4 protein chains.
Amino acid sequence: MSERQRRKLDHVRLAVAGPGARAGGAGWEDVHLVHRSLPELATHEIDLRTSICGVPLARPVMINAMTGGAPGVTAINRDLAAAAAELGLAMAVGSQTAGLREPEVVESYRVVRRVNPRGVILANLGSDATPEQARAAVEMVEADLLQLHLNAPQELRMREGDRDFRGRLERIARIVQELSVPVVVKECGFGVSRETARQLYEAGVRAIDVSGRGGTNFVWIEDRRAGVVEGDPGLEGWGLPAACALAEVAALDLSGLELIASGGIRHGTDAAKALALGARAVAVAGPVLARQQREGAAGVRAYLEGLLADLQTACLLCGARDLAALQRQPVVITGLVGEWCRLRGVDLAALANRSQP
Amino acid sequence: MSERQRRKLDHVRLAVAGPGARAGGAGWEDVHLVHRSLPELATHEIDLRTSICGVPLARPVMINAMTGGAPGVTAINRDLAAAAAELGLAMAVGSQTAGLREPEVVESYRVVRRVNPRGVILANLGSDATPEQARAAVEMVEADLLQLHLNAPQELRMREGDRDFRGRLERIARIVQELSVPVVVKECGFGVSRETARQLYEAGVRAIDVSGRGGTNFVWIEDRRAGVVEGDPGLEGWGLPAACALAEVAALDLSGLELIASGGIRHGTDAAKALALGARAVAVAGPVLARQQREGAAGVRAYLEGLLADLQTACLLCGARDLAALQRQPVVITGLVGEWCRLRGVDLAALANRSQP
Amino acid sequence: MSERQRRKLDHVRLAVAGPGARAGGAGWEDVHLVHRSLPELATHEIDLRTSICGVPLARPVMINAMTGGAPGVTAINRDLAAAAAELGLAMAVGSQTAGLREPEVVESYRVVRRVNPRGVILANLGSDATPEQARAAVEMVEADLLQLHLNAPQELRMREGDRDFRGRLERIARIVQELSVPVVVKECGFGVSRETARQLYEAGVRAIDVSGRGGTNFVWIEDRRAGVVEGDPGLEGWGLPAACALAEVAALDLSGLELIASGGIRHGTDAAKALALGARAVAVAGPVLARQQREGAAGVRAYLEGLLADLQTACLLCGARDLAALQRQPVVITGLVGEWCRLRGVDLAALANRSQP
Amino acid sequence: MSERQRRKLDHVRLAVAGPGARAGGAGWEDVHLVHRSLPELATHEIDLRTSICGVPLARPVMINAMTGGAPGVTAINRDLAAAAAELGLAMAVGSQTAGLREPEVVESYRVVRRVNPRGVILANLGSDATPEQARAAVEMVEADLLQLHLNAPQELRMREGDRDFRGRLERIARIVQELSVPVVVKECGFGVSRETARQLYEAGVRAIDVSGRGGTNFVWIEDRRAGVVEGDPGLEGWGLPAACALAEVAALDLSGLELIASGGIRHGTDAAKALALGARAVAVAGPVLARQQREGAAGVRAYLEGLLADLQTACLLCGARDLAALQRQPVVITGLVGEWCRLRGVDLAALANRSQP
Ligand SMILES: Cc1cc2nc3c(=O)[nH]c(=O)nc-3n(C[C@H](O)[C@H](O)[C@H](O)COP(=O)(O)O)c2cc1C
Ligand SMILES: Cc1cc2nc3c(=O)[nH]c(=O)nc-3n(C[C@H](O)[C@H](O)[C@H](O)COP(=O)(O)O)c2cc1C
Ligand SMILES: Cc1cc2nc3c(=O)[nH]c(=O)nc-3n(C[C@H](O)[C@H](O)[C@H](O)COP(=O)(O)O)c2cc1C
Ligand SMILES: Cc1cc2nc3c(=O)[nH]c(=O)nc-3n(C[C@H](O)[C@H](O)[C@H](O)COP(=O)(O)O)c2cc1C
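Residues numbered from 1 in each chain as written. Chains lettered and ligands numbered in written order. Predicted model: local features only at pLDDT ≥ 70, side-chain atom pairs only at ≥ 80, totals over all residues. Heavy atoms only, no water.

On to the overall build of chain A, then. The helix and strand tally for chain A stands at 16 helices and 12 strands. Seen through its principal axes, chain A has C-alpha atoms that stretch 60 × 40 × 40 Å. A burial count over chain A gives 67% of its 357 residues as buried. The contacts of chain A with a sequence gap of at least 6 include a subset with a gap of at least 24, amounting to 75%. (Helix = DSSP H or I, 4+ residues; strand = E, 2+ residues; numbered from the N terminus. Buried < 20%, exposed > 50% of the residue type's maximum accessible area, 1.4 Å probe, protein only. Contact = heavy atoms within 4.5 Å.)

Given below as structure tokens:
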């Protein structure tokens, strides 16, 4: 097994074992939807269809990028793709660098398209990719969109990781311009800040997955891989809590910028809160993997069905028939997330007093 | 036993067992009355008589809607009604849908009137009731008032529950207009928000029981009934904390709207705080039931006597001889409830500096 | 033993046993003095002499009213008086009602004057006293000042307690006018609020011991005496936290009103904070008693010496040579006490930015 | 062994044993750097060179003053100096009063210069030193700078400690004027406040180590030495949390004043936060000693290398190539430190919205 392949398996094992695979620290509990006793809606009327850069999604929940690149993970991707197909969810594959370099692992990615021929699939590469690599990655899984991921904290904690992050923005800009499919730039659990979002927007990016802190924690994972006993808690907790990242980027209100929220989304109400704060879709990684490891495809499906049902319930209880309506509901933000938002220029009173239709 | 009857018994059992049957999360501990060392009052001068829509209540504490509809619960209602009669408290029966459909369970409701012929009794139906059903429910117990309850979160967690909540407001408006007794619209532990209150007010409703989160928790109960192991904590904690609901609806200051506070009212000081924030009466459900189950009518009576005595003590210690005086006392709101209120437009400084007479 | 005598012993026993005899909830930990690295002072220069209504006190710490009225407590008062004499501290006796009615217990009060013939001694009566009783109480211990105590919450929790609190203000006003020694009106651990302070001031009172919540807790004590198992937590925590009471009354800035701070003062820094917030003296009850019970007069003395030394240390570390200087030091108030103060009109920014000389 | 020598050993032992040798209470966790997903930097570009009063430092981390003055501690200073030399860090020796009085312990200080002939070394004396003593201390270790320490709280807790703190400011002013090397005035874990900083600045001081509360705690240490069982928690927690001290002094923005941050700096991210708040360097004492005691010079080196690497990581993740850039990054301050700062006039919104370049 190549070192890269072993790493992929380490990630799976540690993501499932780690504290980051459970909730906590993402800040969703500081975000409160306002109950509506008279929703004047029926569940069957609720329609949460959405789209990312024009690609229609039947539901506003995706399976986020995780794996591929080692023979041992093909089964994981198969299970995830099966659940995605059954539930009509978009799904991203894990970083395809390995797939571009090691032909014998290409199948571990392709399986996703084979199992789910008509679904929305996102290719995934790091932000140092070239347009050619991007095209190849998209082709590999016949992707509808490409994710470019930003994961500097993780790289810096890996002995074998990148140390040079120059020129990334330009590479992203080139890919956005030249690629035939739309590009989503995503973090990996450290949160896109207002400043980063503005940089990306100016580089032409029109879809960002803010992927904040509080869910899967790749500094914690890499520190365990490296045998670190007591890491710097400031690094093991590095990044913007997911709710803070989403709220502050949404408050920029950049015209035409579409947001995806991920990082510690665990339950239907987390998803509802993120959507109410302005995300067009949410994405989940860690817990999907945990269920796959424990219970296979059936576990993944059961988990996601539950999350979707709870999301629908939350929407109904806000009286929101669709995402546009949900995004007009009042949202009350308290605690640490409230403090953060107030200091970073989010208008909390406006959010708390938005008018329900 | 019909499924509905079995459900009634489940509710009793789980309400008593559940965490929701104890305090926590209602926010009353964030509401502070201001001690007055020189009350210049005697306990015998304190007179907390009140009224709801013109129906006089000897005391501002009611036993809220709980049960009826199964042969096994007749004894419960008998005990509650006996205590209500002895203490001069208004009491609501549980939802009478069962009583309207299954003649053999009518007695489980009627017992309340039989035991307490002169007391104030509230009939209870869901908000999908017709005026005819409303009239029949009122007649069944010779009710002085009718409660229409809103419990969408509970319904959505019941396999057998409602999924269509359209047309409720209109039905409520019809009943309010056509019924001969006044109507109280009540939540069931999820909290009436400012927006919902305004809708109800515009539909003609003049009495609302805000019944907020923090006491009996029907999502938790239904999740246990459904065998859910780990429910969405955002749903199991759904709703406005009772103190938030009351404060924000009271701050609307809608002319002629009367408020009842319930949800996690457990002690006399909780009641005093709710009354000081503007409620005309408070209502208690879960703990009354718990005492009935453990100790019968005597337990109910002992509990309510204690609560009434502590309420009187709290009033005296604020120097408030009656509810009007209590509602002029300063109230200091801190913590999460304070954050919520500030964002939702409650004038906390005005409350904290109201002048004592 | 008379019932009253037994009660005195109960109070001693429960005050020492109770949670209220330890710190917690008084809020002193939310009050922060600002360290001064260059105090430019020597400890021997520090002079904390003060006065209450013209009666000079060698130190700004008093032993607050506790006991007397039962043969069994004479030894307590003897020990306390001995420590007071040695350290030059003012000391109050417990309520003298018993002494006025039962001649055989007079000695339990007089011992205080006998042991400490030249010290400052405060007589103590309830606010329902007559001027004649006040005079008699003062004479009994040749008192320099008279404390009139307010303890409505305690009375209401005692089966044998008062229920009628009318006319107290007038009685206080009469005693203030007619008595030859100055009068201090004091709470008993429930806190004098801004509103109460204003009432007292208008009635002519010029010295108030705010005695707030957080130290000895007489609702808790009486509930235990009455065999209450689970009391109303809102009553067992009734009253203004001592720091809140002091801050809000001090902020009234009533000309000529002198404040004493008590309630949960346990350490020298608690005392320093109270003095910095505007008290002319602090008073301690519960912990003094606890040390007397465990270690006799020597324990009392050791405890108070430690407190006085730590107070001196705190003053030096603020660069404050005397009380006037201490009261010009910046004080930063955070947490719950900060929230309370802000809502009740205390100017926190002014306190935090007071100029050191 | 002289009493002073025994004290030196006690300090080492208790500093390592104490709770203060671990983090907690310094407030660094309330200070949040803002992650930048696109740093557009390479680690090798990062250059954190700095200077104090014109003395260049290769890295913005120093080993703060600890020991010397007893034969038993020579090995400690040798180990620390060896690590300092290897890593190019400045290092301060402990107070040299002993060295000036007891010739047989001079070697315990000189070893630092011998082991590290070209490094930056800081001499250390108390603020009661004379210019002659200052010169002698500098000469003893051929120091590049002199630290004058302020430690009034510690002195006051030592039976043998100072009680007279008059004239210190003048002595400091004299030394600053007359000495040939620059002078850093430092606290010892109690925090320099805004007021103290202004006094020092007006006396001519141009470098302050704010050394705040939350790391090594010398009141706790001296209380243990003195056999105190339960000290005044207000004294054992005396002082400004390090983050508060730094933030409020930095906000003064005194032209030409250079700040060093110490007190509870344990990790690279703590250092990064302090530097971002305006410190030119940070200094670490307790944990360096703890590692020396457990693992010798190698442990010290491993610890400091880790800290430096994590600091570099944090800078890169903020996109800051040097200290000037780091000090333009947004910093979000919440919790108790946020409350403190707001009350003491720090402009939190300006800090949170500083523009990244
Ligand atoms: C095992 C595992 C592998 C991952 N690999 C990738 C990856 O290759 N590319 C990527 O963009 N994100 C990757 N991620 C990050 C996720 O897409 C997501 O941003 C992050 O896990 C936060 O979401 P969560 O809290 O729902 O897990 C991975 C996550 C996990 C759990
Ligand atoms: C066993 C049980 C059954 C209930 N059934 C009804 C009902 O039929 N109708 C209704 O309006 N509320 C019902 N409730 C809700 C209560 O009236 C009340 O709104 C809620 O329990 C919150 O108050 P609590 O915290 O004091 O229990 C029921 C509550 C309990 C505990
Ligand atoms: C055993 C005991 C008896 C007390 N009796 C009296 C009393 O007779 N009169 C009075 O004014 N206060 C009395 N107090 C109240 C104290 O004077 C003081 O206000 C209260 O205990 C709060 O201060 P602490 O927290 O330092 O105990 C008593 C306190 C104790 C502990
Ligand atoms: C064992 C020990 C001895 C110390 N001795 C001195 C000293 O002689 N002079 C001085 O200025 N500071 C002295 N300090 C204080 C440190 O320089 C520093 O200000 C304080 O420990 C806070 O930093 P820390 O939390 O990183 O330990 C000493 C610290 C320790 C742990």
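Back to the text.
Below, the discussion takes up the relation of the copies chain A and chain D. At an RMSD of 0.0 Å, chain A and chain D line up after a rotation of 90° and a shift of 0.1 Å along the axis. Here the symmetry operator amounts to a four-fold rotation axis. Residues of chain A ranked by C-alpha distance from the rotation axis are headed by A:Gly335, positioned 6.5 Å from it. (Least-squares fit on C-alpha atoms with pLDDT ≥ 70 in both.)

Residues and elements named next belong to chain A. Where helix α2 (residues 74-87) contacts helix α4 (residues 106-115), the two axes come as close as 8 Å, and the packing angle between them is 20°. Of the possible angle classes, the one that applies to α2 and α4 is roughly parallel. Helix-helix and strand crossings are classified by hand; for α2 and α4 the assignment is right-handed. Of the residues in α4, those touching α2 at Thr74, Asn77, Arg78, Ala81, Ala82 and Ala85 are Glu107, Ser108, Tyr109, Val111, Val112 and Val115. In terms of residue class, the contact of α2 with α4 is built from 7 nonpolar, 3 polar and 2 charged. (Axes fitted to C-alpha atoms, helices over the stretch in contact; angles between N-to-C directions. Parallel < 35°, antiparallel > 145°, perpendicular 65-115°, else oblique. Left-handed = near helix turned anticlockwise from the far one by under 90°. Nonpolar A, V, L, I, M, F, W, Y, C, P; charged D, E, K, R; others polar.)

When the parts come together, some accessible area is lost, and that loss is often what is quoted as the size of the interface. Contacts between the two partners involve 36 residues from chain A, matched on the other side by 35 residues from chain D. Between chain A and chain D, the buried area comes to about 2900 Å², and carbon and sulfur atoms account for 62% of it. When residues of chain A are sorted by the area they lose upon contact with chain D, A:Arg166, A:Trp238 and A:Leu343 head the list and together hold 25% of the total. The interface formed by chain A and chain D holds 2 salt bridges in total. Residue D:Asp310 pairs with A:Arg157 through a salt bridge whose shortest N-O separation is 3.0 Å. Taken together, the connections running from chain A to chain D amount to 18 residue pairs in polar contact (both at pLDDT 80 or more). Going through the elements one at a time, α6 (152-157), α7 (168-178), α8 (194-202), α10 (233-236) and α15 (335-343) of chain A are the ones with two or more residues in the side of chain A that touches chain D. At 5 residues, α8(A) tops the list of elements feeding residues into the side of chain A that touches chain D. Residue composition of the side of chain A that touches chain D, by class: 17 nonpolar, 8 polar and 11 charged. (Buried area = accessible area lost by both parts, 1.4 Å probe. Salt bridge = Lys/Arg side-chain N within 4 Å of Asp/Glu carboxyl O. Polar contact = N/O pair within 3.5 Å; in protein donor to acceptor, adjacent residues only side chain to side chain.)

Residue and element names in this part refer to chain B. If you check the shell around ligand 2, you find 23 residues, and the closest are Ala65, Lys186, Ser211, Thr216 and Gly286. One of the side-chain nitrogen or oxygen atoms of Asn124 is found 3.0 Å away from an oxygen atom of ligand 2. Side-chain polar atom of Lys186 to an oxygen atom of ligand 2: 2.8 Å apart, as the coordinates give it. Contributing elements (two or more residues each) for the shell around ligand 2: α1 (3-17) and α13 (286-318). For the shell around ligand 2, a count of residues per class yields 8 nonpolar, 12 polar and 3 charged. (Near = heavy atom within 4 Å.)

Now for a positive patch on the surface. Together, A:Arg342, B:Arg342, C:Arg342 and D:Arg342 give the surface a local cluster of positive charge. Assignment of secondary structure puts A:Arg342 in helix α15. (Patch = residues over 30% accessible without salt bridge, like charges linked within 9 Å, V, L, I, M, F, W, Y side chains within 5 Å. Areas by Shrake-Rupley, 256 points an atom, 1.4 Å probe, with all protein chains shown as cover. Lys, Arg positive; Asp, Glu negative; His and termini not counted. Charge placed at Lys NZ, Arg CZ, Asp CG, Glu CD.)

All names here are of chain D. Counting buried residues along strand β8 (residues 183-187), 5 of its 5 residues qualify, which places the element largely inside the surrounding structure. Burial of the side chains of β8 extends over both faces: Val183, Val185 and Glu187 are buried on one face and Val184 and Lys186 on the other. Examined bridge by bridge, strand β7 (residues 145-150) and β8 share 5 bridges and lie parallel to one another. Bridging across to β8, Leu148 finds its partner in Val185. Here 2 bridges tie β8 to strand β9 (residues 207-209), and the two strands are oriented parallel to one another. When the sheet's bridge partners are listed, Val185 is paired in β9 with Ile208. In terms of handedness, the path from β8 via helix α8 (residues 194-202) over to β9 forms a crossover that is right-handed. (Pairing = 2+ DSSP bridges. Right-handed = clockwise from strand over helix to strand, strands pointing away.)

Bringing the packing of aromatic side chains into the picture now. If you walk through the whole model with that rule in mind, you get 0 aromatic pairs over all chains. The positively charged end of A:Arg206 is found above the aromatic ring belonging to A:Tyr201, 3.8 Å away from the centroid. (Phe/Tyr/Trp six-rings, centres within 6.5 Å; stacked < 30°, edge-to-face > 60°. Lys NZ or Arg CZ within 6 Å of the ring centre and 35° of its normal.)

This paragraph deals with the pattern of salt bridges. When their charged atoms lie close together, side chains carrying opposite charge are able to pair. Taken as a whole and assessed by the stated rule, the structure comprises 104 salt bridges over all chains. Taking the shortest distance from any N to any O, the salt bridge between B:Arg114 and B:Glu107 comes out at 2.1 Å. Residue B:Arg114 is classed as exposed on the basis of its relative accessible area of 54%. Look at the salt bridges and you will find they share partners, linking A:Arg7, A:Asp10, A:Arg13, A:Glu160, A:Glu222 and A:Arg225 into a network.

With that settled, the discussion passes to the site of ligand 4. Residues and elements named next belong to chain D. Taken together, 23 residues sit near ligand 4, with Ala65, Lys186, Ser211, Thr216 and Gly286 positioned nearest. Separating an oxygen atom of ligand 4 from a backbone N or O atom of Gly264 is a distance of 2.9 Å. One of the backbone N or O atoms of Gly286 is found 2.7 Å from an oxygen atom in ligand 4. Taken by itself ligand 4 offers 600 Å² of open surface, and the protein chains cover 96% of this. Put simply, the parts of the chain that give the shell around ligand 4 at least two residues each are α1 (3-17), β8 and α13 (286-318). Among the residues making up the shell around ligand 4, the classes are represented as 8 nonpolar, 12 polar and 3 charged.

All names here are of chain A. The UniProt record marks Glu155 with the feature "binding site: Mg(2+)" (unreviewed entry), using the residue numbering of this structure. With respect to the helices and strands, Glu155 occurs in helix α6. For Glu155, a relative accessible area of 13% corresponds to the buried category. (UniProt positions renumbered as here; feature names shortened; annotations may be inferred.)

For sheets, the rule is that strands pair by backbone hydrogen bonds, running either parallel or antiparallel. Residues and elements named next belong to chain A. With parallel pairing, the 8 strands of this closed barrel are ordered in space as β4-β5-β6-β7-β8-β9-β10-β11. Sheet twist, expressed as the mean angle between neighbouring strand axes with direction ignored, is 25°. Taken strand by strand, helix α5 (residues 131-140) contacts β6 (121-126) and β7 (145-150), and its axis lies near 150° from that of β6. Lying on the sheet, α7 is in contact with β7 and β8 (183-187); it crosses β7 at an angle near 175°.

Bringing the nonpolar core into the picture now. If you look at the biggest cluster of nonpolar residues, it comprises 479 residues, and the most contacted ones within it are A:Leu146, B:Trp28, B:Leu146, C:Trp28, C:Leu146 and D:Leu146. Those residues in contact with C:Trp28, other than ones at most four positions away along the chain, are C:Ala242, C:Ala243, C:Leu246, C:Ala261, C:Gly263, C:Gly264, C:Ile265, C:Asp270, C:Lys273, C:Ala274 and C:Leu277. (Core = buried A, V, L, I, M, F, W, Y, C linked by side-chain atoms within 4.5 Å.)

It is worth spelling out the arrangement of the chains at this point. Kept free of each other, chain A and chain C leave a smallest C-alpha distance of 13 Å between them. In this structure chain B stays clear of chain D, and the shortest span between their C-alpha atoms is 13 Å.

This brings us to the side chain of D:Arg113. Residue and element names in this part refer to chain D. Its place among the elements puts Arg113 in helix α4 (residues 106-115). Among the residues examined, Arg113 registers a relative accessible area of 7% and is labelled buried. Within polar-contact distance, the side chain of Arg113 engages the backbone oxygen of Gly119 at 2.9 Å. Within the structure, Arg113 has its side chain in polar contact with the backbone oxygen of Val141 (distance 3.1 Å). Not counting the four nearest positions on each side in its chain, Arg113 is found in contact with Arg118, Gly119, Ile121, Val141, Glu142, Ala143 and Asp144.

Attention now moves to the UniProt feature "domain: FMN-dependent dehydrogenase" (unreviewed entry) in chain A. UniProt's feature table lists "domain: FMN-dependent dehydrogenase" (unreviewed entry) at residues 157-329 of chain A, given in the numbering used throughout. Summarising residues 157-329 of chain A: 52% helix, 10% strand, and an end-to-end C-alpha distance of 41 Å.

Here we come to the interface of chain B and chain C. Listed per partner, the contact involves 35 residues of chain B and 36 residues of chain C. Interface area lost by chain B to chain C is led by B:His35, B:Leu38 and B:Glu40, which between them contribute 23%. Here chain B is connected to chain C by 2 salt bridges. Here chain B is connected to chain C by 18 residue pairs in polar contact (both at pLDDT 80 or more). Of all the secondary-structure elements, those providing two or more residues to the side of chain B that touches chain C are β1 (31-33), α12 (268-276), α13, β12 (331-333), α15 (335-343) and α16 (348-352) of chain B. The dominant element in the side of chain B that touches chain C, judged by the number of residues it contributes, is α13(B), at 6 residues. Of the residues assigned to the side of chain B that touches chain C, the class counts are 16 nonpolar, 13 polar and 6 charged.

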